Amino acid sequence: QVQLVESGGGLVQPGGSLRLSCAASGSIFSIYAMTWYRQALGKQRELVADINSGGSTNYADSVKGRFTISRDNAKNTVYLQMNSLKPEDTAVYYCNADILTPWGLRSRYWGQGTQVTVAS
């Protein structure tokens, strides 16, 4: 079994910063892309940023220049450094990882989500 556990969410004032973490554990042989999504109340889930196993990154236009995604392959962990936060960044943030198990099964797994609230 594979688990993704997010941490680091919370309440922050506009202009502030937060760092989210997502650690994968369990029956993991290899991790390909790791992705952060978010879903605001009443809206569809949207891609925030992703990073492949080689370190190449991709960002939504709304977060470019403010958010940075990174990963530590030794720890099976992906991070999202969020700076200059805006009220419109308020959402539940979800981690997703493309994982190959030792038995040759490849699937995408989701974390449980962590709430980020930007308000004064």
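Quick note: structure is the one above.
Keep in mind it's a predicted model, so treat the numbers as computed, not measured. (Residues numbered from 1 in each chain as written. Predicted model: local features only at pLDDT ≥ 70, side-chain atom pairs only at ≥ 80, totals over all residues. Heavy atoms only, no water.)

**Focus on unusual backbone geometry**
The cut-off we apply is this: Segments assigned H or I by DSSP are reported as helices when at least four residues long, segments assigned E as strands when at least two residues long, and all are numbered from the N terminus. Note on classification: 1.4 Å probe, protein chains only; a residue is buried when its accessible area is under 20% of the maximum for its type, exposed when over 50%, partly exposed between these limits.
With phi around 50°, Asn76 is a residue other than glycine that occupies positive phi space. The topology assignment puts Asn76 in the loop between β7 (67-72) and β8 (77-82). Using a relative accessible area of 24% as the deciding quantity, one classes Asn76 as partly exposed. One non-glycine residue, Ser84, adopts positive backbone phi at about 50°. By the secondary structure assignment, Ser84 is in the loop between β8 and β9 (91-100).

**Some details on the pattern of salt bridges**
The condition is simple: Whenever a carboxyl oxygen of Asp or Glu lies within 4 Å of a side-chain nitrogen of Lys or Arg, that contact is scored as a salt bridge.
Considering all chains together, one arrives at 6 salt bridges under this definition. With a shortest N-O distance of 2.9 Å, Arg38 and Asp89 are connected by a salt bridge. On the criterion of sequence distance, the pair formed by Arg38 in strand β4 (residues 30-39) and Asp89 in the loop between β8 and β9 is long-range, its members being 51 residues apart. Comparing Arg38 with Asp89 shows no difference in burial state: the two are buried. The residue Asp98 makes a salt bridge to Arg108 at a minimum N-O spacing of 4.0 Å. In this pair, Asp98 is assigned in strand β9 and Arg108 in strand β10 (residues 106-110), connecting sequence segments 10 residues apart. You can call Asp98 buried: its relative accessible area is 9%. Judged by its relative accessible area of 43%, Arg108 is partly exposed. A network of salt bridges, in which partner residues are shared, links Arg38, Glu46, Arg66 and Asp89.

**A few points about the pairing of β8**
Short version of the rule: We call two strands paired when DSSP finds no fewer than two bridges between them.
For β8, the tally of buried residues reaches 5 of 6 residues, placing the bulk of the element in the interior. By the bridge criterion, 6 bridges tie strand β3 (residues 18-26) to β8 in an arrangement that is antiparallel. Bridge pairing in β8 links Cys22 to Val78. Joining the antiparallel neighbours β7 and β8 is a turn of 4 residues, in which Asn76 adopts a positive phi near 50°.

**Here we look at the sheet that holds β3**
Rule in force here: Axis lines are fitted to C-alpha atoms, over the contacting stretch for helices. Their N-to-C directions set the angle, which ranges from 0 to 180 degrees.
Ordered by their spatial adjacency, 4 strands build an open sheet running β1-β3-β8-β7, and the pairing between neighbours is antiparallel. In this open sheet, the two strands that pair with only one neighbour each are β1 (2-7) and β7. Sheet twist, expressed as the mean angle between neighbouring strand axes with direction ignored, is 15°. With 6 bridges joining them, β7 and β8 adopt antiparallel strand pairing. Across the sheet, the residue bridging to Ile69 is Leu80, located in β8.

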